[in-house]
Amino acid sequence: MQQIYVIEPFNQGSTHFEIIGMIGDYYSMLWHVQLYGLGYFEITLPATQNTVRLVTDIEGRFLVRECDISESDGQKVFKNGMIIRNVTTRYDADQGGCLKVSGKSVKDILSQRIILEPYSTI
């Protein structure tokens, strides 16, 4: 079973992305990477206190598979990262409480429109 790491990209005072946790236990995982388009993922995992904290506490967290982490010049390099866009809960009679986490590749950030407050040139 592939390990999935949760990354906090915008920690204050940090110049690099930090791994804040790991999801090692899940029921199903769909991880579709596309070369030119936007990839997407969907993971169904047990709704434990730890997994709820990892995927729902802060908006904008990334997920990356263990096989997509390498090291270059002493720095960790994350490839095929995905950004969490949606988390839903459900109850299954066989599995109990479940979280369904889905989102798109990090390239999706480039398609967003960011509007900053206007500034004065006085």
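Residues numbered from 1 in each chain as written. Predicted model: local features only at pLDDT ≥ 70, side-chain atom pairs only at ≥ 80, totals over all residues. Heavy atoms only, no water.

Student: So what's going on with the pattern of salt bridges? Residues and values would help.
Tutor: Within this structure, the stated rule accounts for three salt bridges. With its nearest N and O atoms 3.8 Å apart, the salt bridge here joins Lys 100 to Glu 42. Linking Lys 100 in strand β9 (residues 96–105) with Glu 42 in strand β4 (residues 40–46), this pair joins segments that are 58 residues apart in sequence. Salt-bridge contacts for Arg 65 lead to Asp 68; the nearest nitrogen and oxygen are separated by 2.9 Å. Like Asp 68, Arg 65 is buried. (Salt bridge = Lys/Arg side-chain N within 4 Å of Asp/Glu carboxyl O. Helix = DSSP H or I, 4+ residues; strand = E, 2+ residues; numbered from the N terminus. Buried < 20%, exposed > 50% of the residue type's maximum accessible area, 1.4 Å probe, protein only.)

Student: Could you give me a rundown of the confidence of the model for the chain, with the residues and numbers involved?
Tutor: On average, residues of the chain score 82 in pLDDT, and 84% of them are at 70 or above. Ranking the elements of the chain by mean pLDDT puts strand β7 (residues 75–78) last with 82 and β4 first with 93. (pLDDT = per-residue confidence, 0-100.)

Student: Can you break down the nonpolar core residue by residue, with the values?
Tutor: Ile 23, Phe 41, Ile 43, Leu 45, Val 55, Leu 63 and Val 101 are the most contacted members of the largest nonpolar core, which has 15 residues in total. Counting residues per element, the ones that place at least two in this core are β1 (4–8), β4, α1 (49–56), β8 (82–92) and β9. Examining the composition of this core, we find that three residues originate from one element, β4, more than from any other. What Ile 43 contacts, discounting residues up to four positions off in sequence, is Ile 4, Tyr 26, Ser 28, Met 29, Trp 31, Leu 63, Leu 99, Lys 100 and Val 101. Among the nonpolar cores identified, the runner-up in size contains five residues, and Ile 7, Phe 62, Val 64 and Ile 83 belong to it. (Core = buried A, V, L, I, M, F, W, Y, C linked by side-chain atoms within 4.5 Å. Contact = heavy atoms within 4.5 Å.)

Student: Give a description of the packing of aromatic side chains that names residues and reports values.
Tutor: A full pass over the atoms with the stated rule returns one aromatic pair. The interplanar angle of 40° and the centroid separation of 5.6 Å between the aromatic rings of Trp 31 and Phe 41 together place this pair among those described as tilted. Of this pair, Trp 31 sits in strand β3 (residues 28–32) while Phe 41 sits in strand β4, placing them 10 residues apart in sequence. With a relative accessible area of 2%, Phe 41 lands in the buried category. (Phe/Tyr/Trp six-rings, centres within 6.5 Å; stacked < 30°, edge-to-face > 60°.)

Student: Any chance you could break down the pairing of β9 for me, citing the residues and the numbers?
Tutor: For β9, the buried fraction is high: seven of the 10 residues fall into the buried class. Across seven bridges, β4 lies against β9 in antiparallel orientation. Directly across from Ile 43, in β9, lies its bridge partner Val 101. Connecting β8 to the next strand, β9, in antiparallel fashion are three residues. (Pairing = 2+ DSSP bridges.)

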